[in-house]
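# Structural characterization, general
Chain residues, written in single-letter form:
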Amino acid sequence: MRRIAILGGGVGGTMVANRLARELRSDIDRGDVEVVLIGEDANHTYQPGFLYVAFNQAPLERFVRPQTSLLVYGVRFLQMRALRIDADNNSLLFENGDLLTYDYLVIATGSHPTMDTVAGLKEGAYSFYTADQAIRLRDALANIASGRIVIGVDVPHKCPVAVLEFTLMLDEYLRKRGTRDQFEIIYTYPIGRLHSLIPVANWVEPEFERRGIQSEFFFNVDNVDPDKKIIESLEGSSYAYDLLVMVPAHRGAKVIIDSGIGDESGFVPTDRYSLRMKGSHNVFVIGDATDLPISKAGSTAHYEADTIVTNLIDELHGLPADHQYDGKVYCFIEGGLEKATYIAFSYTEPPKPTAPSELLHWFKLMYNEIYWLSVRGLL
Ligand SMILES: Cc1cc2nc3c(=O)[nH]c(=O)nc-3n(C[C@H](O)[C@H](O)[C@H](O)COP(=O)(O)OP(=O)(O)OC[C@H]3O[C@@H](n4cnc5c(N)ncnc54)[C@H](O)[C@@H]3O)c2cc1C
């Protein structure tokens, strides 16, 4: 029997586990293969939902399901936290002291925002990158009547377009409340344009102008004074704020750092085409956990799952595992509360955002529901 262990029950891990179990059903039934998914949470959360929670467009519960309700026949689920990955000895060590050996490992441990990399951030800023932060921000937005809202961004972070979506949605949220003229919105960004992807920056620039959203480039957040409510950049500029919303820098999972297999931010060095951990033949990496220079997004994990699942199945069946990931990413971008656009790109193709439309907004809302099929490996 050969065991495939998948560590991390988020988008990438759940998709890989379900698709392997479907496609290897006969091997599993014969006892030749075992698919084990290890996740620390009993629930699975659809993180793009946090944007809608922050603007009180939907309750958090709509985006949370029990992990076991999403798993197909053939996936053995262990609700455990891994403390160490021992890639030399093909084993995982768990919090309770148990060891699990594997023939193949898929690392799908994601990334998480850290509010403690900048002094004063935890005390002075709001965010929408976790469920708790989105709820806290929702309540703060509901209770603020006027003032200056400053938006700050640190890198790296997942879903790089989410901060633009947030800013455009904020503008419309305030307009809908009839209070937009009581607010200044100031969007800051670490480099010399509105977004790291040039076509996206070009697309959003006129949107910001039309809506009177101010922006400051080359603003790398240095510190926040939560008492005086001032944010300062490394470049020397500062803003007083009434509400500070921050997309903080992300890090890879603790288990990656503790196992000594990540870079200084906790991301796993990964071959950009085969998605194998560099220097390893039997460890694959998916989604936010990789160190690849592409967007950390659920759709990235989705496309990467195609490559990993196909290669694993071929390898188990004695075929050459020669499928390659082409860097494909597809993201809807909310252009406010009622319109959206999308971008699709790869290692070789740049994104080409089009004008936002109501239809694409409805597609995005539909995808939020279809996601539950997609993560079961049905799409
Ligand atoms: C506000 C917001 C909006 C977003 N919008 C979009 C969007 O529109 N489109 C898009 O494509 N993406 C979007 N994303 C990004 C997307 O959610 C992530 O990129 C995606 O979830 C990454 O999938 P993953 O499987 O790599 O990691 P995750 O889904 O984060 O899963 C990682 C899992 O590993 C588990 N884990 C970690 N360490 C351990 C351990 N030691 N033991 C056991 N389990 C462990 C974690 O608990 C977690 O469940 C958005 C994210 C946010 C926050």
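Anything mentioned here points back to the structure above.
These remarks concern the structure in this document. (Residues numbered from 1 in each chain as written. Predicted model: local features only at pLDDT ≥ 70, side-chain atom pairs only at ≥ 80, totals over all residues. Heavy atoms only, no water.)

### Quick look at the nonpolar core
In plain terms, the rule: By nonpolar core we mean a set of buried residues, namely Ala, Val, Leu, Ile, Met, Phe, Trp, Tyr and Cys, connected to one another through side-chain atoms within 4.5 Å. We call a residue buried when its accessible area falls under 20% of the maximum for its residue type, exposed when it is over 50%, and partly exposed in between, using a 1.4 Å probe and counting protein chains only. Think of it this way: any DSSP run of H or I at least four residues long counts as a helix, any run of E at least two long counts as a strand, and we number them from the N terminus. Any pair of residues with heavy atoms lying within 4.5 Å of one another is described as a contacting pair.
In this structure, Ile-4, Leu-20 and Phe-128 are the most contacted members of the largest nonpolar core, which totals 89 residues. Take this core: its biggest share by element is nine residues, from helix H6 (residues 162-176). Residues within four places of Leu-20 in sequence aside, it is in contact with Ile-4, Ile-6, Val-35, Val-309, Leu-312 and Ile-313. Counting 22 residues, the second-largest nonpolar core is a separate cluster that includes Val-36, Tyr-102, Ile-107 and Ala-253.

### Comments concerning the packing of H6 against helix H7 (residues 198-211)
Pairs of packed helices are described in terms of their axes, by the angle between the two and the distance that separates them. Under the convention used in this document: Whenever a helix is involved, its axis is fitted only over the stretch in contact; in every case the axis is a line through C-alpha atoms, and angles between N-to-C directions fall within 0 to 180 degrees. These descriptions rest on fixed angle ranges, namely under 35 degrees for roughly parallel, over 145 for roughly antiparallel, 65 to 115 for roughly perpendicular, and the rest for oblique. Two helices crossing with the near one rotated counterclockwise from the far one by less than a right angle form a left-handed crossing, whereas a clockwise rotation gives a right-handed crossing. Under the scheme applied here, ten amino acids are nonpolar (Ala, Val, Leu, Ile, Met, Phe, Trp, Tyr, Cys and Pro), four are charged (Asp, Glu, Lys and Arg), and all others, including Gly, are polar.
Interhelical geometry of H6 versus H7 gives an angle of 20° and a closest axis separation of 11 Å. Comparing their axes, H7 and H6 come out roughly parallel. Where H6 crosses over H7, the handedness of that crossing is left-handed. Along its contact with H6, which presents Leu-164, Thr-167, Leu-168, Asp-171, Glu-172 and Arg-175, the element H7 presents Val-200, Trp-203, Val-204, Glu-207, Phe-208 and Arg-211. Its residues assigned to classes, the contact of H6 with H7 shows six nonpolar, one polar and five charged.

### Structural notes on the site of the ligand
Heads up, the condition is: In this text, near means that some heavy atom of the residue lies within 4 Å of the molecule or strand in question. Definition of a polar contact: a pair of N or O atoms within 3.5 Å, with one able to donate and the other able to accept a hydrogen when the atoms are protein atoms, and with sequence-neighbouring residues admitted only if both atoms are side-chain atoms. Here the accessible surface of atoms and residues is derived via Shrake-Rupley with a 1.4 Å probe, and residues count as covered only by protein chains that are part of the display.
By nearness alone, 30 residues border the ligand, and Gly-12, Glu-40, Asp-288, Gly-298 and Ser-299 come closest of all. In this structure, a nitrogen atom belonging to the ligand sits 2.9 Å away from a main-chain N or O atom of Ala-82. Ala-108 has a polar backbone atom sitting 3.5 Å from an oxygen atom of the ligand. Alone, the ligand offers 990 Å² of accessible surface; in the complex the protein occludes 91% of this. The set of elements that each furnish at least two residues to the shell around the ligand consists of helix H1 (11-23) and helix H9 (298-316).

### A few points about the pairing of strand E7 (residues 91-94)
Within a regular strand, the side chains alternate between the two sheet faces. Here is the rule: When DSSP finds at least two bridges between two strands, those strands are taken to pair.
Examined bridge by bridge, strand E6 (residues 82-86) and E7 share four bridges and lie antiparallel to one another. By the bridge assignment for E7, Ile-85 is matched with Leu-92. Taken together, E6 and the strand that follows it, E7, pair antiparallel across an intervening segment of four residues, in which Asn-90 is found at a positive phi of about 55°. Relative to strand E8 (residues 99-101), E7 runs antiparallel, the two sharing three bridges. Residue Ser-91 lies in a different strand from E8, and its bridge partner there is Thr-101.

### Some thoughts on the packing of aromatic side chains
Stated precisely, the cut-off is as follows: Between the rings of Phe, Tyr and Trp (Trp by its six-membered ring), a pair exists once the centres lie within 6.5 Å; its type follows the angle of the planes, with under 30 degrees stacked, over 60 edge-to-face, and the other angles tilted. For a ring to carry a charge above it, either NZ of a lysine or CZ of an arginine must fall within 6 Å of the ring centroid while also lying within 35 degrees of the normal to the ring plane.
Under the defined criterion, the tally for this structure stands at 16 aromatic pairs. Taken together, a centroid distance of 6.2 Å and an interplanar angle of 35° make the contact between Tyr-46 and Phe-63 tilted. Pair noted here: Tyr-46 is in the loop between strand E3 (43-45) and helix H3 (49-54) and Phe-63 is in the loop between H3 and strand E4 (64-66), with a separation of 17 residues, a long-range link. Take Phe-63: its relative accessible area is 3%, and that puts it in the buried class. Among the aromatic side chains, those forming a connected cluster through ring pairs are Tyr-46, Tyr-52, Phe-63, Tyr-371 and Trp-372. Above the ring of Tyr-126, the side-chain terminus of Arg-136 is found at 4.0 Å from the ring centroid. Over the aromatic face of Tyr-347 sits the side chain of Arg-272, whose NZ or CZ is 4.1 Å from the ring centroid.

### Section: the layout of surface pockets
Our working definition: A pocket here means an open set of points on a 1 Å grid, computed over the protein atoms alone, that has protein on both sides within 12 Å along at least five of seven lines. A cavity is instead a set of points where a 1.4 Å probe fits but cannot get out; residues with an atom within 4 Å of a point line either one. Grid points are joined across faces, edges and corners, and a volume is the space filled by probe spheres set on the points. Note that the domain bounds were set by an automatic or database domain assignment.
Roughly 450 Å³ of internal volume is contained in the second largest pocket. The wall of the second largest pocket is formed by 22 residues, among which Pro-160, Ser-196, Pro-293, Ile-294 and Ser-295 lie closest to the centre. The residue inventory of the lining of the second largest pocket, partitioned by class, reads 13 nonpolar, five polar and four charged. Mapping the lining of the second largest pocket onto the domain boundaries places at least three of its residues in each of domain 1 (2-110 + 253-328) and domain 2 (114-250).

### Examining unusual backbone geometry
In this structure, the amide linkage connecting Val-155 to the following residue, Pro-156, adopts the cis form with an omega of -5°. The backbone of Leu-275 sits at a positive phi, close to 65°, despite the residue not being glycine. Overall, the relative accessible area of 0% leaves Leu-275 in the buried class.

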